[in-house]
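Summary of the model geometry
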Protein chains: 2
Amino acid sequence: MPCKLIFRQLFEKESSTYTYLLADSLHPDKPALLIDPVDRTVDRDLALVKELGLKLIYAINTHVHADHVTGSGLIKTKVSGVKSIISKASNARADLFVEPGDKIYIGDIYLEVRATPGHTLGCITYVTGDGVNQPQPRMAFTGDALLIRGCGRTDFQGGSSDKLYDSVHSQIFTLPKDTLLYPAHDYKGFTVSTVGEEMLYNPRLSKDKETFKNIMQNLNLSYPKMIDIAVPSNMVCGLQETKSDL
Amino acid sequence: MPCKLIFRQLFEKESSTYTYLLADSLHPDKPALLIDPVDRTVDRDLALVKELGLKLIYAINTHVHADHVTGSGLIKTKVSGVKSIISKASNARADLFVEPGDKIYIGDIYLEVRATPGHTLGCITYVTGDGVNQPQPRMAFTGDALLIRGCGRTDFQGGSSDKLYDSVHSQIFTLPKDTLLYPAHDYKGFTVSTVGEEMLYNPRLSKDKETFKNIMQNLNLSYPKMIDIAVPSNMVCGLQETKSDL
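Described in the following lines is the structure provided in the data block. This structure is a prediction, so every number in the text was calculated from the model and none was measured. (Residues numbered from 1 in each chain as written. Chains lettered and ligands numbered in written order. Predicted model: local features only at pLDDT ≥ 70, side-chain atom pairs only at ≥ 80, totals over all residues. Heavy atoms only, no water.)

1. Here's the deal with the packing of aromatic side chains
This model, assessed by the stated rule, comprises 21 aromatic pairs over all chains. With a centroid separation of 5.4 Å and 45° between ring planes, the pair formed by A:Tyr165 and A:Phe212 is classed as tilted. With a gap of 47 residues between them, A:Tyr165 in helix 3 (residues 161–172) and A:Phe212 in helix 5 (residues 209–217) connect regions that are remote in the sequence. Per residue, the accessibility class of A:Tyr165 equals that of A:Phe212, and both read buried. Three or more aromatic residues joined by ring pairs form one cluster here, namely A:Phe7, A:Phe11, A:Tyr18, A:Tyr20, A:Phe141, A:Tyr182, B:Phe7, B:Phe11, B:Tyr18, B:Tyr20, B:Phe141 and B:Tyr182. Geometry around B:Phe190 places A:Arg44 over its ring, the cationic atom sitting 5.9 Å from the centre. (Phe/Tyr/Trp six-rings, centres within 6.5 Å; stacked < 30°, edge-to-face > 60°. Helix = DSSP H or I, 4+ residues; strand = E, 2+ residues; numbered from the N terminus. Buried < 20%, exposed > 50% of the residue type's maximum accessible area, 1.4 Å probe, protein only. Lys NZ or Arg CZ within 6 Å of the ring centre and 35° of its normal.)

2. Digging into the sheet that holds strand 7 (residues 103–106) of chain B
All names here are of chain B. The mixed open sheet is built from 6 strands, whose spatial order is 7-8-9-10-11-12. The outermost strands of the open sheet, each flanked by one partner alone, are strand 7 and strand 12 (193–194). Bridging between strand 9 (residues 124–128) and strand 10 (residues 139–143) involves 2 bridges; their strand directions are antiparallel. Bridge pairing links tyrosine 126 to phenylalanine 141 in strand 10. (Pairing = 2+ DSSP bridges.)

3. Considering the packing of helix 3 of chain A against helix 5 of chain A
Residue and element names in this part refer to chain A. Where helix 3 contacts helix 5, the two axes come as close as 9 Å, and the packing angle between them is 130°. On the basis of the axis angle, helix 3 is oblique to helix 5. Here helix 3 and helix 5 pass one another in a crossing that is right-handed. On helix 5, the residues touching Ser161, Asp162, Leu164, Tyr165 and Asp166 of helix 3 are Lys209, Phe212, Lys213 and Met216. (Axes fitted to C-alpha atoms, helices over the stretch in contact; angles between N-to-C directions. Parallel < 35°, antiparallel > 145°, perpendicular 65-115°, else oblique. Left-handed = near helix turned anticlockwise from the far one by under 90°. Contact = heavy atoms within 4.5 Å.)

4. Thoughts on the pattern of salt bridges
As enumerated under the stated definition, the model contains 32 salt bridges over all chains in all. With a shortest N-O distance of 3.4 Å, A:Glu12 and A:Arg40 are connected by a salt bridge. Here A:Glu12, found in strand 1 (residues 5–12), pairs with A:Arg40, found in the loop between strand 3 (31–35) and helix 1 (42–51); they are 28 residues apart in sequence, far enough to count as distant. The class of A:Glu12 is buried, set by a relative accessible area of 4%. Overlapping salt bridges bring together A:Arg8, A:Glu51, B:Arg149, B:Glu197 and B:Glu198 as one network. (Salt bridge = Lys/Arg side-chain N within 4 Å of Asp/Glu carboxyl O.)

Following this line, the structure appears as structure tokens:
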């Protein structure tokens, strides 16, 4: 039986972050998860979850963000039973740690975990399942590994342009070309892309590896204004005061 | 045969406007249209049209906008053969004027025109066609008639809260409940809603008519900062210097 995914893309304008809400509408509980929630927009997101009659079970992150504070910890203080998830490789605090190949289920719909380091050491991409009972076309939540016509910077948090190139080419560009790409950010007003499009038109990642590394070495970006607040906070699930129940 | 719609939602952050790109991917020409393009983001939108291999045939507006200058006229100067469309009731300039019940075709996919006055006299909502060969679920591009958990103001440009209430209840809330609603703006980071959701949770339009009219009379909104530039310009397709070919 085909699945019926409830899907919402939500935007936080200060950091230009996209948060994604996914739920299985055919399961009696309508179990749901949020990908990359932002602390400032937690109330908006939880109100929507409630209005849609969903049961939020996971708050998951693609990586330890440097530009905003995750909403995962705050969500856990507001909705009982929600588990936070991040990659084991991130070394950050969460309830559950995932590794490449792991599957995260909401009802009958699942996300597959793919390691896509390069922006940070612990970056992962969540990809909807492969099969007729999973969303068609597939959807990949790429975090900062692959942005629409761009990619995350590679000059801090264990970043490596060499690794990022390999990650995108081996883990994302090998997906079907019609796979929908949903990044953690967009700064130009785009909401979605596809694998086929980025393979052709991404101005960085469509190039050969040496050209890509050269581009990334010469971006001359300024120091991220939020990094000294966001990273320590996000290492502990977005709550700076560590709590025993997180 | 089911249709295959190419669909993109694009955001212009200064005016928080959504522009929508629709195309029929199964037609050899991949004919496309843009709904509510903004002058500032025309180059972005046309680059995307080109990269996706589409043939833009229409630039259409839901109404004469007061908060931004339409990109329709500018698009016509950059892409030959594009026709601008607006409602006959708007009294604005365009190549084609539509009335309730008219259909706008791109390949085998069509948009149906519904009159939804109240924000302005000439507001229309474009709804994807009814039938198995049209996008499922249906999609309604509501302009400023119905926003996510809100609606457009009714205190200028021939606005009427009485008319807006009737428009939304008779022309939008009568669509199937799973119809996806795509407004011309969002200020809180939402990207889409459904008829069922707005019938239940729209804080204005879920109320009875008298309550709605009372809410709208007491919004105490400031004078729109762009109105004196945008409206005269949008009356002539977004180009202040009227040209013989527009």
